[in-house]
Amino acid sequence: MFTPPPPFSGYGLGLRKEHYRDFLDGDVPVDFVEVISENFMVDGGQPRDILRRVGEKHPVALHGVSMSIGSADGVDIAYLRRLKALADEVQPLFVSDHLSWSRVAGFSSHDLLPVPYTEEALALVCRNIEVAQDVLGRSMLFENPSSYVAFDGATMSEWEFLAEMSKRTGCGLLLDVNNVFVSASNHGFDTHAFLRGIPAARVRQVHLAGHSQGPGLLIDTHDQPVCDDVWALYRTAMSLLGPVATMIERDDAIPPLAELLDELDIARGLGTVAREAA
Amino acid sequence: MKLAQWQEGFRDWLTTGSATSADAFGDRAWPGLTVYQNNYRTQLVTCLEVSYPQLLRRVGEGNFRNAAMAHIDAHPPRGWTLDTYGADFVDTLVALFPRNPDLHELAWIEWSLSEAFVAPDASPLAREALWSVNWDEARLRLTPSLRHRVATTNADDVWSALQNDADSVPDGEMLDVAGALVVWRQGFHSRLRRLDADDDAALRLAIGKGHFAAMCDTLVMRLGEEAGVARAGALLADWLDAGIVVGVDD
Ligand SMILES: [Fe+2]
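Residues numbered from 1 in each chain as written. Chains lettered and ligands numbered in written order. Predicted model: local features only at pLDDT ≥ 70, side-chain atom pairs only at ≥ 80, totals over all residues. Heavy atoms only, no water.

Caption draft 1: Representation of the confidence of the model for chain B in the model. This prediction gives chain B a mean pLDDT of 95; 100% of its residues lie at or above 70. Scored as a whole, the predicted complex attains pTM 0.94, and scored at its interfaces, ipTM 0.92. (pLDDT = per-residue confidence, 0-100.)

Caption draft 2: Local environment of the interface of chain A and chain B. Chain A puts 41 residues into the contact, and the matching count from chain B is 38 residues. On the chain A side of the contact with chain B, A:Phe107, A:His110 and A:Val149 bury the most area, a combined 18% of that side's loss. Ionic pairing is found between A:Asp152 and B:Arg28, a salt bridge with its closest N-O pair at 2.9 Å. Linking chain A with chain B are 14 residue pairs in polar contact (both at pLDDT 80 or more). Those elements that provide at least two residues to the side of chain A that touches chain B are α3 (46–57), α4 (77–90), β5 (101–104), β6 (107–113) and α5 (119–136) of chain A. Ranked by residue count, the leading element in the side of chain A that touches chain B is β6(A), at seven residues. Among the residues forming the side of chain A that touches chain B, the class breakdown is 20 nonpolar, 12 polar and nine charged. (Contact = heavy atoms within 4.5 Å. Buried area = accessible area lost by both parts, 1.4 Å probe. Salt bridge = Lys/Arg side-chain N within 4 Å of Asp/Glu carboxyl O. Polar contact = N/O pair within 3.5 Å; in protein donor to acceptor, adjacent residues only side chain to side chain. Helix = DSSP H or I, 4+ residues; strand = E, 2+ residues; numbered from the N terminus. Nonpolar A, V, L, I, M, F, W, Y, C, P; charged D, E, K, R; others polar.)

Caption draft 3: Structural context of the sheet that holds strand β3 (residues 60–63) of chain A. Residue and element names in this part refer to chain A. An order of β1-β2-β3-β4-β7-β8-β9-β12 is seen for the eight strands of this closed barrel, with the pairing classed as parallel. Going from strand to strand, the sheet's axes swing by 25° on average, the running direction of each strand aside. In this sheet, strand β2 (residues 32–36) lies alongside strand β1 (residues 11–14) in parallel orientation, the contact comprising three bridges. The residue of β2 that forms the bridge with Gly 14 is Glu 34. Sheet strands in contact with α4 are β3 and β4 (95–98), and its direction is about 170° off that of β3. Packing against the sheet, helix α9 (residues 228–241) makes contact with β1, β8 (172–176), β9 (203–208) and β12 (245–248), and its axis sits at approximately 170° to β9. (Pairing = 2+ DSSP bridges. Axes fitted to C-alpha atoms, helices over the stretch in contact; angles between N-to-C directions.)

Caption draft 4: Representation of the coordination of the iron ion within the structure. Residues and elements named next belong to chain A. Each protein donor to the iron ion is listed here as Glu 143 (OE), Asp 176 (OD), His 207 (ND1) and Glu 249 (OE); together their distances run 2.0 to 2.3 Å. Classification of the site at the iron ion as irregular follows from its four donor atoms and the range of 84 to 170° in their angles at the metal. We note that the donor set of the iron ion lies within a single chain, spaced as E-x32-D-x30-H-x41-E. Remark: Glu 249 occurs in the loop between β12 and α10 (257–277) and His 207 occurs in strand β9; sequence separation between them is 42 residues. Accessibility expressed as a relative area gives 3% for Glu 249, which makes it buried. (Donors = N, O, S within 2.8 Å, 3.2 Å for Na, K, Ca; no water. Tetrahedral: all angles 85-135°; square planar, octahedral: opposite > 155°, others 65-115°. Buried < 20%, exposed > 50% of the residue type's maximum accessible area, 1.4 Å probe, protein only.)

Caption draft 5: Highlighting the sheet that holds strand β4 (residues 189–195) of chain B. All names here are of chain B. The three strands are arranged β2-β3-β4 in an open sheet whose pairing can be described as antiparallel. The sheet is open, and its two borders are formed by β2 (147–153) and β4, each paired with just one other strand. The average angle at which neighbouring strand axes cross in this sheet is 25°, direction not considered. Seen against the sheet, helix α9 (residues 197–207) touches β2, β3 (174–186) and β4 and runs at an angle of roughly 155° to β2.

Caption draft 6: Layout of unusual backbone geometry. For A:His222, which is not glycine, the phi dihedral falls at a positive 55°. With respect to the helices and strands, the residue A:His222 is situated in the loop between β11 (218–219) and α9. By relative accessible area, A:His222 is classed as buried at 9%. If you check the backbone angles, B:Lys209 has positive phi at about 60° while not being a glycine. By secondary structure assignment, the location of B:Lys209 is in the loop between α9 and α10 (212–223). Judged by relative accessible area, B:Lys209 falls into the exposed class, the value being 59%.

What follows is the structure in structure tokens.
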């Protein structure tokens, strides 16, 4: 039933409204595009049409923000069925969401809230992932989010949690290098321990993005270019993981497409070096 | 602490911002909790701003922000998609601006336009399909994107002026005779129209899945034999062209 995605799928960009015309009219040099699933989980109209047309030119990855895989209440089956309908139509490269939660007792925060790294949460997350993969009929990727609060009673590190979660459920990982950097800075852990701690073979996709300095904390804002520290961490990640499908996420202060393509070329260069070394 | 309890505590912090709800997370959590609190509110305010751009211009940033904050406090989000978050914003507007039906109708227009934008697709009906219709039994099938309400103000004129960046935007005014506002999607474009009472009476019958013949009778009653029949024909042609009517069942 589970169709494993191809081992390497090149370099992509998030598809954002500002660049719809470029993607529809031109020949954009990307290997795939990633879209926010929820923006296209609508009944009809132009968004679905645009996705269909871009999908004829480029492989599409579906990246969700509302699955709330860490909800103590369990996963929302109606949501999953809607996502499945979209995935069946798009035939995506990957279906991903975050190791986070947003929903509790009928409330939905629409934010990627942190999961406590405990045995209780691990068992629950794994159960939820199994349900999600079962409804979707495919394996998923889960991304490490940026976090700003750590749970006092945590019994394992984030990377230990991710490793065990993917081992138990067969899910893949989406490594957001910027989020590793942001969370490490906020919680004082070692970025290299994180990269060495996650199972390399499970990492199917990488996100790169920019962040901002908030009061006492780094904040994952996706509103500026990838910084040098994150590029350095990406280089390390590539040497440890080998080539992995990589894309740049920009959600705010969106520049002309050419600027993002230039940034993507940096990733391509670093990835190619890693690929040749592998 | 059990996970469910911890998550409910987090929700209480986001929705109330109270010091007691923050205490459970320990002193070290304070800066991070503030980030989440800020993200939560900013995102919902932005969502309302994006859903109601012309209302925002109409009432001004300060008033809009107050309304948004009041709304967020009274209506924490429940659905999985932010797209539906602003659906009941008009309730907050009614409470805050009870004497401004123009603002309530302006909000209805903006919300309906965005709903219509992603409503289910429907292909327009070809004229040839009408030749074989048994009109005595016929009922019009309307596009699933159609939204309809009573119009008591000139909110549609206000919306159009704002939307087109017109040099002057009319003041909100009550209509002499109430009509209706209609929003639907034609192709990929959301449309807005105000109907007079006669056309509205006909459309209400169509929305209620009444017979086309009953629509004709109503128009004849209101306008007289000749003008009523002519109006029914003209409306049908117009609604077909506009993509409001997408089928005829007989
Ligand atoms: Fe990411």
